[in-house]
Amino acid sequence: MHQREAKSDLASSGGARGGKMALDAAQASATPAIAATARILAQLKDQPGPLLPVLHAVQHELGCIPAEAVQTIAEALNLSRAEVHGVITFYPHFRSEPAARHTLEVCRAESCQSMGGEHLAAHARAKLGCDFHASAPDGSFTLEPVYCLGLCAQSPAVMIDGQPHARVTPDKLDRLLARAQETTA
Amino acid sequence: MSAPIVVYVPRDAAALAVEADAVAQAIERIADERGLSVQVVRNGSRGLLWLEPLVEVTTPAGRVAYGPVAPEDVAGLFDAGWLTGAEHPLHQGLTEEIPYLKQQERLTFARVGVTDPLSLHDYAAHGGLTGLKRALAMEPGHIIDEMVTSGLRGRGGAAFPTGIKWKTVAGSPSDQKYIVCNADEGDSGTFADRLLMEGDPYVLIEGMTIAGLAVGATYGYIYVRSEYPHAIETLEAAITRARTVGWLGNDVHGSGRRFDLEVRKGAGAYICGEETSLLESLEGKRGVVRAKPPLPAISGLFGKPTVINNVISLATVPIILAKGAAYYRDYGVGRSHGTLPFQLAGNLKQGGLVEKAFGLSLRDLLYEFGGGSASGRPLRAVQVGGPLGAYLPESQWDVPLDYEAYIQISAMIGHGGLVAFDDTVDMARMARYAMEFCAIESCGKCTPCRIGSTRGVETIDKIAAGGANPQQRAQQVHLLRDLCDTMMGGSLCALGGMAPYPVLSALNHFPQDFGIESSQPAAHAA
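Residues numbered from 1 in each chain as written. Chains lettered and ligands numbered in written order. Predicted model: local features only at pLDDT ≥ 70, side-chain atom pairs only at ≥ 80, totals over all residues. Heavy atoms only, no water.

- In the annotation of an unreviewed UniProt entry, chain B is listed under the name NADH-quinone oxidoreductase subunit NuoF and assigned to Achromobacter seleniivolatilans.
- On record in UniProt, under Cofactor (unreviewed entry), the comment for chain B is "FMN".
- As recorded by UniProt, the Sequence similarities (unreviewed entry) comment attached to chain B reads in full: "Belongs to the complex I 51 kDa subunit family." (UniProt positions renumbered as here; feature names shortened; annotations may be inferred.)

- In the annotation of an unreviewed UniProt entry, the entry for chain A reads Formate dehydrogenase subunit gamma, and the organism field reads Achromobacter seleniivolatilans.
- What UniProt records for chain A under Sequence similarities (unreviewed entry) is the sentence "Belongs to the complex I 24 kDa subunit family."
- Regarding chain A, the relevant UniProt record gives this comment under Cofactor (unreviewed entry): "[2Fe-2S] cluster".

Okay, here's the thing in structure tokens:
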């Protein structure tokens with residue numbers, strides 16, 4: 001009963017109310033995503049400039065920042081939903097939809113280009129059967145561009161699930177992708 | 001039983017990217033199997049990146065280097081007797097005697113690769129804290145005077161005198177001030193910040209603490225890009241340890257002075273390397289550029305006076321305080337004092353980090369250190385200073401690396417990153433990429449950058465597709481120059497204001513790649 005009230009309250013609010021009441025309501029929510037978001041907010045909202053740390057923590061826990069979490073974040077931080085949405089969409093790191101099981105980031109910046117990075121990027125697209133900012137049809141990998149991993153003296157470089165790999169050739173990329181799939185098959 | 005032999009295996013991201021973890025594991029496993037007493041220490045990278053993983057064995061004569069070591073090489077290295085520094089095809093001799101390293105002037109990077117980055121003991125034993133201890137005994141104004149005298153200019157690229165910036169913050173009365181470290185090293189070809197944060201995090205902490213003492217700031221933020229997870233991890237561990245032993249907190253080194261700091265993670269936006277966008281991001285907003293004035297030194301983070309410096313600038317502060325301003329100032333040429341960590345990247349045989357005093361030439365870096373192209377083909381163009389830096393043709397490779405000399409040839413040294421290309425490069429394509437990058441990364445606040453970069457891509461495409469009609473092509477080239485002029489003059493920050501540099505330098509020096517014979521204004525002579 002209490003939960004139902006809380007939910008309708010959230011849905012009707014424009015987000016200007018903020019504060020503890022909204023957080024309590026969200027924490028009691030039946031939706032795991034909203035409950036997790038509220039827990040993160042309770043931990044982080046009182047530090048100065050909390051929005052990016054909150055978004056990082058939510059994405060770390062939920063794999064993305066789902067639309068349903070946006071309102072909870074807005075209410076707790078006294079922001080409008082538009083502001084929160086604006087921040088999420090501004091930064092390439094944040095995503096509103098979950099990624100595939102693994103993430104492949106291919107560096108497309110100058111140094112990697114000078115060592116065959118574009119050829120490697122073309123190989124990755126063909127191999128996964130998808131373009132950048134998209135996922136392979138089998139759900140194995142999400143392919144993202146990245147503009148420099150700081151491994152420029154060992155170009156070309158990629159990152160797979162947060163692990164850096166340098167001096168990557170198409171053959172080596174195939175082996176790395178296969179290895180990533182084995183680890184959490 | 002004698003003491004274990006210490007073997008160093010870097011755990012810098014550049015080493016991890018070429019299997020340093022597997023190498024370290026193999027060393028421990030094989031030593032164990034053979035009953036040899038070995039202690040593996042994970043150090044930072046020496047910056048000899050073509051040799052990574054560069055494994056060092058401690059011998060009575062000094063540290064002996066082997067590299068690049070693959071996991072499958074380890075058994076053979078033991079067989080050859082590497083624990084006593086024996087010969088092997090991967091044997092590089094005494095690390096300190098490798099010419100690439102020996103010819104450097106390592107001030108800021110003195111400890112990087114030498115120590116265990118997280119060891120408080122190593123840090124203090126290798127000269128750490130000397131600068132801070134001196135600063136703690138000094139008047140704040142005196143610390144700033146030292147910085148001014150040292151001639152240190154911002155190593156992030158804009159090259160503004162660090163001491164002057166600090167003086168402005170010190171002179172702005174406020175109940176709260178901040179030290180912000182810009183660790184959003186987004187430029188292609190640059191990795192010095194990352195090497196330093198992963199290889200010697202305490203020097204950055206020490207530098208920020210000194211900055212805090214000098215200007216009266218009690219809190220700092222290190223804004224690190226999300227593409228550097230290992231740097232973030234290392235810094236966080238270092239901050240925790242520093243706090244535990246009282247190097248940070250309410251009573252810094254028992255002085256009664258307060259300074260603390262934290263790491264904040266970026267989220268993939270290149271523009272957040274621009275200082276005002278970075279502040280917006282730290283405040284939790286879109287990283288949109290602020291108009292200046294007010295300067296961040298007067299109204300910065302949360303509207304308070306804020307020192308924003310790059311990683312290398314702040315990490316250079318301790319040695320200036322430790323050895324005195326004159327010691328640092330006497331390196332370099334003209335108004336470019338001290339050293340710069342040059343970063344050799346792209347198509348080079350020996351890519352890596354070279355810390356040298358200003359005044360050497362690009363040619364020295366490319367051939368003496370870099371060893372020429374990795375592909376074996378002739379080098380053709382070098383982009384200096386990141387994606388917004390000019391492409392320099394061979395005729396300009398002898399200009400001394402000096403901020404003012406580079407401005408004279410419409411180039412910039414920037415952060416000291418250089419990316420080399422061999423003769424297979426298509427410079428029209430690189431010019432197009434520069435515009436495209438600007439279009440992707442523009443924050444959107446000002447029109448010349450937001451719209452100009454998109455139109456720039458289109459115009460370069462038209463030039464490339466210009467067919468046989470030289471007149472139409474000339475018209476488009478004229479339009480492109482006009483557009484670049486508007487972007488340079490009308491953009492709020494360096495992204496829109498400098499994206500024309502790579503474009504115009506490509507057009508001026510490599511007109512044939514655009515299908516034109518020569519390009520007005522005539523190519524600059526070296």
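Still more to cover.
**Considerations on the overall build of chain B**
Right, so step 1: For chain B, the count of helices and strands is 21 helices and 16 strands.
Right, so step 2: In terms of C-alpha radius of gyration, chain B reaches 24 Å, essentially the compact-globule figure of 24 Å for 526 residues.
Right, so step 3: Summarising its shape, the C-alpha atoms of chain B cover approximately 85 × 60 × 40 Å along the three principal directions.
Right, so step 4: When the accessible surface of chain B is split by element, carbon and sulfur atoms take 52% of a total near 18600 Å². (Helix = DSSP H or I, 4+ residues; strand = E, 2+ residues; numbered from the N terminus. Rg over C-alpha atoms; globule rule 2.2 N^0.38 Å. Areas by Shrake-Rupley, 256 points an atom, 1.4 Å probe, with all protein chains shown as cover.)

**A few points about the pattern of salt bridges**
Residues and elements named next belong to chain B.
Right, so step 1: If you walk through the whole model with that rule in mind, you get 39 salt bridges over all chains.
Right, so step 2: For K304, the salt bridge identified is with D175, shortest N-O distance 3.0 Å. Taken together, the residues span a long stretch of sequence, with K304 in the loop between α12 (275-282) and β9 (306-310) and D175 in the loop between α8 (162-170) and β6 (178-183) at a distance of 129 residues.
Right, so step 3: Look at the salt bridges and you will find they share partners, linking R46, E56, R63 and E96 into a network. (Salt bridge = Lys/Arg side-chain N within 4 Å of Asp/Glu carboxyl O.)

**Some remarks on the sheet that holds strand β3 (residues 141-146) of chain A**
Residues and elements named next belong to chain A.
Right, so step 1: Overall, mixed pairing links the 5 strands, which are arranged β2-β3-β1-β4-β5 in an open sheet. With one partner strand each, in any of the chains shown, β2 (134-135) and β5 (163-165) form the two edges of the open sheet.
Right, so step 2: One ladder, built from 6 bridges, connects strand β1 (residues 102-107) with β3; its direction is parallel. Pairing of C107 across the sheet is with V146, part of β3. (Pairing = 2+ DSSP bridges.)

**Side note on the interface of chain B and chain A**
Right, so step 1: Listed as interface residues are 63 residues of chain B and, on the opposing side, 41 residues of chain A.
Right, so step 2: Carbon and sulfur atoms supply 57% of the area that chain B and chain A bury against each other, a total of about 3600 Å² over both sides.
Right, so step 3: Interface area lost by chain B to chain A is led by A267, R286 and Y433 of chain B, which between them contribute 16%.
Right, so step 4: Across the contact surface, chain B and chain A share 1 salt bridge.
Right, so step 5: In this structure, the salt-bridge partner of E118 of chain A is R429 of chain B, at a minimum N-O distance of 3.8 Å.
Right, so step 6: For the side of chain B that touches chain A, the secondary structure elements donating two or more residues are α1 (13-16), β7 (219-224), α11 (229-244), β8 (260-265), α12, β12 (339-346), β16 (417-422) and α17 (427-441) of chain B.
Right, so step 7: Per-element tally for the side of chain B that touches chain A: the top contributor is α17 of chain B, with 6 residues.
Right, so step 8: Here the side of chain B that touches chain A is built from residues that sort into 33 nonpolar, 16 polar and 14 charged. (Contact = heavy atoms within 4.5 Å. Buried area = accessible area lost by both parts, 1.4 Å probe. Nonpolar A, V, L, I, M, F, W, Y, C, P; charged D, E, K, R; others polar.)

**Remarks on the packing of helix α3 (residues 32-44) of chain A against helix α4 (residues 51-62) of chain A**
Residue and element names in this part refer to chain A.
Right, so step 1: Following both chains from N to C, one finds α3 and α4 inclined at 145°, their axes separated by 10 Å at the closest point. Crossing geometry of α3 relative to α4 is assigned as right-handed. For the pair α3 and α4, the contacting residues are A33, A36, T37, R39, I40, L41 and L44 in the first and P53, V54, A57, V58, E61 and L62 in the second.
Right, so step 2: Of the residues in the contact of α3 with α4, the class split is 10 nonpolar, 1 polar and 2 charged. (Axes fitted to C-alpha atoms, helices over the stretch in contact; angles between N-to-C directions. Left-handed = near helix turned anticlockwise from the far one by under 90°.)

**A few points about the packing of α8 of chain B against helix α10 (residues 201-215) of chain B**
All names here are of chain B.
Right, so step 1: Running from amino to carboxyl end, α8 crosses α10 at an angle of 50°, the nearest separation of the two axes being 8 Å. Classed by the angle they form, the pair α8 and α10 counts as oblique. Residues W166, V169 and A170 of α8 touch α10, and the partners they reach there are A211, A214 and V215.
Right, so step 2: Grouping the constituent residues of the contact of α8 with α10 by class yields 6 nonpolar, no polar and no charged. (Parallel < 35°, antiparallel > 145°, perpendicular 65-115°, else oblique.)

**Details of the side chain of T115 of chain B**
Residues and elements named next belong to chain B.
Right, so step 1: Counting through the fold element by element, T115 comes out in the loop between α4 (99-102) and α5 (120-125).
Right, so step 2: Since its relative accessible area comes to 2%, T115 is described here as buried.
Right, so step 3: With sequence-adjacent residues up to four places away left out, T115 is seen in contact with N43, G44, D122, H126 and G199. (Buried < 20%, exposed > 50% of the residue type's maximum accessible area, 1.4 Å probe, protein only.)

**As for the nonpolar core**
Right, so step 1: Counting 157 residues, the largest nonpolar core has I73 and Y91 of chain A together with W166, L204, I222 and V224 of chain B as its most contacted members.
Right, so step 2: Residue contributions to this core peak at 10 residues, all from α10 of chain B.
Right, so step 3: Excluding residues that lie within four positions of it along the chain, W166 of chain B makes contacts with I143, I144, M147, A211, A214, V215, V307, N309, L314 and V317 of chain B.
Right, so step 4: Membership of the second largest hydrophobic core comes to 36 residues, among which are F358, V382, A390 and A420 of chain B. (Core = buried A, V, L, I, M, F, W, Y, C linked by side-chain atoms within 4.5 Å.)

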